[in-house]
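Report on the structure
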Amino acid sequence: MSDGATHFKASVVTTALVAPLAFYALDTDLAVALTIGTVVGWVVTPDVRDIERKTYPSFFLSTIPLIGWFVEIAFLVFWFPLALILPHRSKLSHLPFLGTFIALTYAIFYSWLWSRGLWLSTYHLTDVFKELLASAYVRAFFLGWCVPDIVHWLMDGAPIGRRRGFKRRRNAPQGPFATDHPIAFLRDRASLAAVSFRSHRARLLGY
Ligand SMILES: [Zn+2]
């Protein structure tokens, strides 16, 4: 399995190979959208979408002069909720096309949520999705983003089933307070709360 730095180098090479082909085969503006998609794939990797900690891409962003620290924090905050939900090397983050599509859908939804919350826009979510997913530029961007994700998946050993590397769920915690990592601690607390809520409800409803 490759580390983050190797994945990163591979995705840069991917852009170098795909961009000239895109400009040869497509209209210039579609080729630009597709190339931007491959560049987004340098940093928003399948691992960023399922590891709720610093990864190589966030380290890379932190090296941007002056604003790097801010960009890194914004990046971590943006992907944190999705990464918290998805177990590492999940199908939903790593499987070609599906993983990228979930990331795109999440990015649109979460951006919409922030813009509504901050009163920056009043668009309805369904309109936003309809308009964006119908756009040829967004589709070209999506296809471009898929390419480094596919390379990442191949470098991870191309897992297709649970036996070959995908995990259905995180390893169960050893005890209620088995970890001192604050995020893992909160996660364990949340899952314990969910379990006791479910059994409580089951008692109330008699099933
Ligand atoms: Zn991976």
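Residues numbered from 1 in each chain as written. Predicted model: local features only at pLDDT ≥ 70, side-chain atom pairs only at ≥ 80, totals over all residues.

**Remarks on helix α6 (residues 98-117)**
With 20 residues, α6 should cover 28 Å at 1.5 Å per step; its first-to-last C-alpha distance of 28 Å lies within 8% of that length. Buried residues of α6: Gly99, Thr100, Ala103 and Leu104, and no others. One side of α6 holds all its buried residues, which, seen down the axis, span an arc of 135°. The exposed set on the far side of α6, more than 90 degrees from its buried face, consists of Leu113 and Gly117. Positive phi appears at Trp119, one or two residues downstream of α6, with a value of about 60°. (Helix = DSSP H or I, 4+ residues; strand = E, 2+ residues; numbered from the N terminus. Expected span 1.5 Å × (residues − 1). Buried ≥ 20, exposed ≤ 12 C-beta atoms within 10 Å, placed from the backbone. Arc of directions from axis to C-beta.)

**Let's talk about the environment of Leu82**
By the secondary structure assignment, Leu82 is in helix α4 (residues 68-85). A sequence separation of 24 residues divides Leu82 from Tyr106, and the C-alpha atoms of the two residues are 7.6 Å apart. Non-local contacts of Leu82, meaning those with residues more than four positions away in its chain, are made with Arg49 and Tyr106. (Contact = placed C-beta atoms within 7 Å.)

**Considering the packing of helix α1 (residues 4-25) against helix α2 (residues 28-43)**
Describing two packed helices takes the angle between their axes plus the distance from one axis to the other. In contact at an axis separation of 9 Å, α1 and α2 are set at 175° when each is read in the N-to-C sense. In terms of their interaxial angle, α1 and α2 are classed as roughly antiparallel. Packed against α1, whose contacting residues are Phe8, Ser11, Val12, Thr14, Thr15, Val18, Ala19, Ala22 and Phe23, the element α2 presents Thr28, Ala31, Leu34, Thr35, Thr38, Val39, Gly41 and Trp42 at the interface. Taken together, the residues of the contact of α1 with α2 sort by class into 10 nonpolar, seven polar and no charged. (Axes fitted to C-alpha atoms, helices over the stretch in contact; angles between N-to-C directions. Parallel < 35°, antiparallel > 145°, perpendicular 65-115°, else oblique. Nonpolar A, V, L, I, M, F, W, Y, C, P; charged D, E, K, R; others polar.)

**Some remarks on α2**
With 16 residues, α2 ought to run about 22 Å at 1.5 Å a step, and its terminal C-alpha atoms sit 24 Å apart, in line with that. Listed as buried for α2 are Ala31, Ala33, Leu34, Thr35, Gly37, Thr38, Val40, Gly41 and Trp42. Residues of α2 that are buried in the fold lie against α1 and α8 (136-155).

**With respect to the nonpolar core**
Counting 24 residues, the largest nonpolar core has Leu34, Val48, Trp79, Ala83, Phe141, Phe142 and Trp145 as its most contacted members. At the level of elements, α1, α2, α4, α6 and α8 are the ones that each hand at least two residues to this core. If you tally residues by element for this core, the top one is α8, at seven residues. Not counting the four nearest positions on each side in its chain, Trp145 is found in contact with Gly37, Thr38, Val40, Gly41 and Thr100. (Core = buried A, V, L, I, M, F, W, Y, C linked by C-beta atoms within 7 Å.)

**Notes on the environment of Pro96**
In this fold, Pro96 is placed in the loop between α5 (91-94) and α6. Accessibility expressed as a C-beta count within 10 Å gives 18 for Pro96, which makes it partly exposed. Pro96 sits 57 residues away from Trp153 along the chain, and the two C-alpha atoms are 7.0 Å apart. When near neighbours in sequence (up to four residues on either side) are disregarded, Pro96 contacts Cys146, Asp149, Ile150 and Trp153.

**Some points on the packing of α2 against α8**
Between α2 and α8, the least distance of the axes is 6 Å, while the angle of their chain directions is 40°. Classified by the angle their axes make, α2 and α8 are oblique. Viewed along their axes, α2 and α8 form a crossing whose handedness is right-handed. Contacts from Asp29, Leu30, Ala33, Leu34, Thr35, Ile36, Gly37, Thr38, Val40, Gly41 and Trp42 of α2 reach α8 at Ala136, Tyr137, Ala140, Phe141, Phe142, Leu143, Gly144, Trp145, Val147, Pro148 and Asp149. Of the residues assigned to the contact of α2 with α8, the class counts are 15 nonpolar, five polar and two charged. (Left-handed = near helix turned anticlockwise from the far one by under 90°.)

**Concerning the confidence of the model for the protein**
Averaged over all residues, the pLDDT of the protein is 84; the fraction at 70 or higher stands at 77%. When pLDDT is averaged over each helix and strand of the protein, the minimum, 57, is found for helix α9 (residues 182-205) and the maximum, 97, for α2. Taken as a whole, residues 171-178 scores under 50 in pLDDT and shows five contacts with residues more than four places along the chain or in a different chain. In this model, residues 200-207 is a region of pLDDT below 50 whose contacts with residues beyond four sequence positions or in other chains number one contact. (pLDDT = per-residue confidence, 0-100.)

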